[in-house]
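Letter by letter, the chains look like this.
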Amino acid sequence: MQEGVRLRAGASKGDIREKVWDYLEASGLAEFPRPVHHRIPNFKGSHQACCSIKELDVFNRASEIKVDPDKPLEGVRLAALQARKTLLVPTPRLRSGLFNKIVPPPGAAKETLRICATSQGIKEYSVPVGLDGKARVDLVVVGSVAVSEKGWRIGKGEGYADMEYAMMVSMGAVTEDTPVITIVHDCQVVDIAEELLGDHDLTVDYILTPTRTIKTNCKRPKPRGILWHKVSYEMLGKIPILKSLRYKEKQLGKDVTLQDEQPDLANANKSAALNEKAMAGNAGLQASAGSAQTGQQYVESDSLSPRLEGSGMITTVYVGNIPPNLRVSELKCALREFHAAPLRVNWQGAQHRAFLDYKDKATAESAVSSLKGLSLGGNTLRVELAKNQRNKGQVEINSQKRM
């Protein structure tokens, strides 16, 4: 541990972060972007630390590498591209998926690869990798604010690296044997009390600094998947891909009860039952339509709202990119799961789309937000407000014609 970073006994994770950030700034070690507070800090010597990864067998053997987008890891991203490895970079704050695959132009020269490794290059030379992209990550490289020689890691406090790893486990993209590396300055290697770690915290197997390569031989288990009881509705809203993973795991019979649902499961179950009832009203119609061909078009109304004359403000949501083998019953199951049950479903499977009618614009916008990032049958659905909104009378007339 660098003498300059002095930690008091019983220091919390927050205390350790502040001490490391303060020391990097005060000692002149901090590099752009600054200030380094509340970031994975960039530091003098980061490129040298990154270059040492090329001496590790776990890097040379790897064909697919996931590297965080933080500035101090730029050298690792460049090394991966120069070695012609598949480079995956998490999307910023996981807002639009999990990974972007960096795809340099054919025959890219070293300078172009250098640009591809930067934050700007990640935006310009990347393509998204969906949940069903069958990623198989051989090596994970993460940034850290602090790390101990035992492999215990502290990030900047938002939990994204831990969540990314847990999501990769859920996807089958990593196993317990997939090595994890972090790149830090020597002063960021500090003593961390084990009691500060939770079962969701990611540990590391190698620490690379400008002067050392540390093999931690860490025995603490890495996260074995997403701990749903620690996921909040707020986090589910911020990270759309979590919704799809939760839906998949629920279909597999796993417990996906959220943090917010823990104290009052009775109310949660009651809400789910009401949603179930709301979507199951026309049981007879569902029986005939659900067993029909997946491409057949029909309209189903919610029996709890048989009349739509109330507001005259019906708002329609467009759902596109529906896979050809998906049945309307599967879509409705997902709508119930994400609390986005519409007044009516206009299923147009042959055109790989559906239209959902909601009582007003606010309800429709809430449904769009809830369904954003949802993946069904291998496709990430396109969900947005329909471009051509129909008034109340047109909805009723068109429905009668289709019925």
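From a predicted model like this one, the values you see are computed outputs, not experimental measurements. (Residues numbered from 1 in each chain as written. Predicted model: local features only at pLDDT ≥ 70, side-chain atom pairs only at ≥ 80, totals over all residues. Heavy atoms only, no water.)

**Description of unusual backbone geometry**
Here Phe32 and Pro33 are connected by a cis peptide whose omega angle stands at 0°. Structurally, Pro33 is set in the loop between α1 (13-26) and α2 (46-51). Each neighbour pair has its own omega, and for Arg34 with Pro35 the value is -5°, a cis peptide bond. Looking at where Pro35 falls in the secondary structure, it is placed in the loop between α1 and α2. A positive phi angle, near 50°, is found at Asn217, a position not held by glycine. Inspection of the secondary structure puts Asn217 in the loop between β10 (213-215) and α8 (233-238). Here His339, not a glycine, exhibits a phi torsion of approximately 55°, which is positive. Along the chain, His339 turns up in the loop between α12 (328-337) and β13 (344-348). (Helix = DSSP H or I, 4+ residues; strand = E, 2+ residues; numbered from the N terminus.)

**Remarks on the packing of helix α9 (residues 240-251) against α12**
Two elements in contact, α9 and α12, have axes separated by 11 Å at closest approach and are oriented at 110°. Here α12 runs roughly perpendicular to α9, going by the angle between their axes. For the element pair α9 and α12, the recorded crossing hand is right-handed. From α9, Arg246, Tyr247, Lys250 and Gln251 reach across to α12, where they touch Glu330, Cys333, Ala334 and Glu337. Per-class residue counts for the contact of α9 with α12 are three nonpolar, one polar and four charged. (Axes fitted to C-alpha atoms, helices over the stretch in contact; angles between N-to-C directions. Parallel < 35°, antiparallel > 145°, perpendicular 65-115°, else oblique. Left-handed = near helix turned anticlockwise from the far one by under 90°. Contact = heavy atoms within 4.5 Å. Nonpolar A, V, L, I, M, F, W, Y, C, P; charged D, E, K, R; others polar.)

**Some thoughts on the packing of helix α7 (residues 160-171) against α9**
Relative to each other, α7 and α9 sit at 40°, their axes nearing to 11 Å. Considering the angle they form, α7 stands oblique to α9. As for how α7 packs across α9, the hand of that crossing is left-handed. Across the interface between the two elements, Met163, Met167, Ser170 and Met171 from α7 touch Ile241, Leu242, Leu245 and Glu249 from α9. Residue composition of the contact of α7 with α9, grouped by class: six nonpolar, one polar and one charged.

**Regarding the side chain of Thr316**
Relative to the helices and strands, Thr316 is located in strand β12 (residues 315-320). Owing to a relative accessible area of 1%, Thr316 belongs among the buried residues under this scheme. Engagement of the side chain of Thr316 in a polar contact is seen with the side chain of Asp357, the distance being 2.7 Å. (Buried < 20%, exposed > 50% of the residue type's maximum accessible area, 1.4 Å probe, protein only. Polar contact = N/O pair within 3.5 Å; in protein donor to acceptor, adjacent residues only side chain to side chain.)

**A closer look at the confidence of the model for the protein chain**
Across the protein chain, the average pLDDT comes to 82, with 81% of residues at or above 70. A low-confidence stretch, residues 268-293 (pLDDT under 50), is modelled with 31 contacts involving residues beyond four sequence positions or located in other chains. Contacts from residues 392-403, a stretch scored under 50 in pLDDT, to residues over four places away or in other chains number 19 contacts. (pLDDT = per-residue confidence, 0-100.)

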